[in-house]
Amino acid sequence: MKARFISSIEQISADKWNSITRLDYPFLRHEFLHALEASQSVCAERGWQPQHLLIENNEQLLAVLPLYIKNHSMGEYVFDHSWAKAYQRNGLPYYPKLLSAIPFTPASGPRLSFTDCDESLLIKTVAEALEQQCHDIGASGWHVLFPQEKELLLWQQANSNTRLGCQFHWFNCHYKNFDDFLAGFSSRKRKELKRERRRVADQNIRLECLTGEQITIEHWQAFYRFYQLTNLKYNGHGGYLTGDFFVRLHQTMRNSLLLVMAYNENNEAIAGALNFFSSDTLFGRYWGSIQDVEFLHFEACYYQGIEFCIERGLQRFDPGAQGEHKIPRGFQPTLTYSQHWIAHPGFRDAIKNFLAEESKGVEQYKQDACTALPFK
């Protein structure tokens, strides 16, 4: 097995990359990663320098790993700023670092994709390549964010440490419709949620769920305006993604997209929520609005998504990172994972001890959050 790094997803064909991933997880598709790079949403100037890892045997591609050289920790959703500050206090550089993640996307899924091969030899080859690359570019370590749980054992064989996180996901218990879902709520919680949905309708807001060919360039133009203005309002910048990124999604991935648009009584588009979906999961990603409407965020970002999952028979709805407000709306605390290998022996031990203690707190947080669920 030989390892090779490429500085752009364009250096490998879509057919070849996608033949290894073989999954309908949308964020690992060549089309998605290419849209990020080609639109300049991801590039070295923005602190996301592509460095994707290929594992080959002669000319046969065996495995792929999305990978970036990072010189900051923005857009990751697994926070290591305290680690960077500890390095700084000791006169050591934390950046650059190597990061395997889907940029700006805290959605759990496959990271290392591979064909049938010796898995022990594969992870040994991957780990050695990552460690050597860290040495060559002066990186403090390598990190894998939001891998599938079934990947953990593989990464742990690479002498990396696991970090726990907690998100809130919705699970489909063979619901027939939204009312069937609400039937499992306590009476008070059910009334509260119905009141929220009613309040949106009372404000003469109409919602439209669009997929595939139903999504037009005009929809993207409106949505991107919402996205920019909302990011500017809450984050002080226009968002990580360029308008060209959404156009490219429209061209190559529209059949994996659910766009929820909201219109006011004058039939003017005022808000939108963009979701991706696979054969079994809906992923809530981006939201924006230009008019404040009570409970519209919950309706567009959560309730419309739940209805879509029930209608399509999707088993899970991952609406994104954080947000304890999701708990009373039926989203259950769910553990997420990341893997971390630190080059410096002293910091490696210190971070390992920190993660062991932090994991206890995350586990307890998950248990406590379960007590706030709205179900009977």
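Residue indices follow the written sequence of each chain, beginning from 1 at its first position. Totals for whole chains, interfaces and linings use every residue, but because this is a predicted model, local features are given only for residues with pLDDT of at least 70 and side-chain atom pairs only at 80 or more, for both listing and counting. Side-chain metrics rest on all non-hydrogen atoms present in the structure, leaving aside hydrogens and water.

Caption draft 1: How the structure looks around the overall build of the protein chain. Each helix is a run of H or I in the DSSP string that is no shorter than four residues. Each strand is a run of E no shorter than two, and both are numbered from the N terminus. Tallying secondary structure elements over the protein chain gives 11 helices and 15 strands in all. Over its C-alpha atoms, taken along the principal directions, the protein chain stretches across nearly 60 × 45 × 40 Å. Each residue is placed in one exposure class: buried if its accessible area under a 1.4 Å probe, protein chains only, is under 20% of its type's maximum, exposed if it is over 50%, and partly exposed if it falls in between. Taking all 376 residues of the protein chain together, 56% fall into the buried category. We call two residues contacting when some pair of their heavy atoms lies within 4.5 Å. Pairs at least 24 residues apart make up 75% of the contacts formed inside the protein chain by residues separated by at least 6 positions. Of the roughly 16,800 Å² that the protein chain leaves accessible, carbon and sulfur atoms contribute 47%. Positive charges are assigned to Lys and Arg, negative charges to Asp and Glu, while His and the chain termini are left out of the count. Every charge is mapped onto a representative atom, which is NZ of Lys, CZ of Arg, CG of Asp or CD of Glu. Charge centroids of the protein chain, computed over 39 positive and 42 negative side chains, lie 5 Å from each other. Here the open area of atoms and residues is found with the Shrake-Rupley method and a 1.4 Å probe, where only the protein chains shown may cover a residue.

Caption draft 2: Broad picture of the nonpolar core. To form a nonpolar core, buried Ala, Val, Leu, Ile, Met, Phe, Trp, Tyr and Cys residues must be joined to one another through side-chain atoms within 4.5 Å. F32, F245, F246, L249, L274, F276 and Y286 are the most contacted members of the largest nonpolar core, which has 46 residues in total. Of all elements in the fold, only α1 (14-21), α2 (30-38), β4 (60-65), α8 (217-235), α9 (243-252), β11 (257-263), β12 (269-277) and β13 (281-289) reach the threshold of two or more residues within this core. Not counting the four nearest positions on each side in its chain, L249 is found in contact with F32, A35, R254, L257, L274 and F276.

Caption draft 3: Up close: the sheet that holds strand β7 (residues 113-114). What makes two strands pair is DSSP finding at least two bridges between them. Taken in spatial order, the four strands of this open sheet run β1-β3-β4-β7, and their pairing is antiparallel. The strands lining the two open edges of the sheet, one partner per strand, are β1 (2-6) and β7. Here β1 runs beside strand β3 (residues 52-57); their pairing, made up of five bridges, is antiparallel. Note on β3: the bridge partner recorded for K2 is E56.

Caption draft 4: Structural context of the packing of helix α3 (residues 81-89) against helix α11 (residues 345-370). For every element, the axis is a line fit to its C-alpha atoms; helices are fit only across the contacting stretch, and the angle between N-to-C directions ranges from 0 to 180 degrees. Running from N to C, α3 and α11 point in directions that differ by 150°, and their axes come no closer than 12 Å. Our pair here, α3 against α11, has a crossing hand that is right-handed. From α3, W83, A86 and Y87 reach across to α11, where they touch F347, I351, F354 and L355. Side-chain classes follow a simple rule in which Ala, Val, Leu, Ile, Met, Phe, Trp, Tyr, Cys and Pro form the nonpolar group, Asp, Glu, Lys and Arg form the charged group, and the remainder, Gly included, forms the polar group. Across the contact of α3 with α11, the residue classes break down as seven nonpolar, no polar and no charged. Handedness of a crossing is defined here by the sense of rotation of the near helix relative to the far one, left-handed for an anticlockwise turn of less than a right angle and right-handed for a clockwise turn.

Caption draft 5: Spatial organisation of the side chain of E151. Among the secondary structure elements, E151 is positioned in the loop between β8 (141-145) and α5 (152-156). No salt bridge forms around the buried E151; measuring N to O, its nearest opposite-charge neighbour R111 is 6.4 Å away. Side-chain polar atoms of E151 contact the backbone nitrogen of R111, separated by 2.7 Å. When residues no more than four places from it in sequence are discounted, the contact partners of E151 are G109, P110, R111 and L112. Put simply, a salt bridge is a Lys or Arg side-chain nitrogen that is within 4 Å of an Asp or Glu carboxyl oxygen. Pairs of N or O atoms within 3.5 Å make up the polar contacts considered here, provided that, within protein, one atom can donate a hydrogen while the other can accept it, and that residues adjacent in sequence are counted only when both atoms are side-chain atoms.

Caption draft 6: Quick look at the pattern of salt bridges. Evaluation of the coordinates by the stated rule reveals 16 salt bridges. In this structure, K70 and E76 form a salt bridge, with 2.5 Å as the shortest nitrogen-oxygen distance. With relative accessibility at 0%, the residue K70 sits in the buried group. Here E307 ties to R197 by a salt bridge, and the two come within 3.1 Å at their closest N and O atoms. Taken together, the residues span a long stretch of sequence, with E307 in helix α10 (residues 296-312) and R197 in helix α7 (residues 187-202) at a distance of 110 residues. Residue classification places R197 among the buried positions, given a relative accessible area of 18%. In this structure, a network of salt bridges that share partners links the residues K70, E76, D80 and K97.

Caption draft 7: Structural detail: the layout of surface pockets. Detection works on a 1 Å grid of protein atoms alone, calling trapped sets that fit a 1.4 Å probe cavities and calling open sets with protein on both sides within 12 Å along at least five of seven lines pockets, with lining residues defined by an atom within 4 Å of a point. Grid points are joined across faces, edges and corners, and a volume is the space filled by probe spheres set on the points. Roughly 1,300 Å³ of internal volume is contained in the largest pocket. As for the largest pocket, its lining consists of 45 residues, and the residues nearest its centre are Y77, N231, N235, R285 and W287. When residues of the lining of the largest pocket are traced back to their parent elements, those giving at least two are α8, β12, β13 and α10. For the lining of the largest pocket, the element with the most residues is α8, which contributes seven residues. Partitioning the lining of the largest pocket into residue classes produces 23 nonpolar, 16 polar and six charged. The volume enclosed by the second largest pocket comes to roughly 710 Å³. Secondary structure elements with two or more residues in the lining of the second largest pocket: α1, β7, β9 (161-171), β13 and β15 (332-342). Broken down by element, the lining of the second largest pocket gets its largest block of residues, four residues, from β15. A class-by-class count of the residues in the lining of the second largest pocket yields 12 nonpolar, 11 polar and eight charged.

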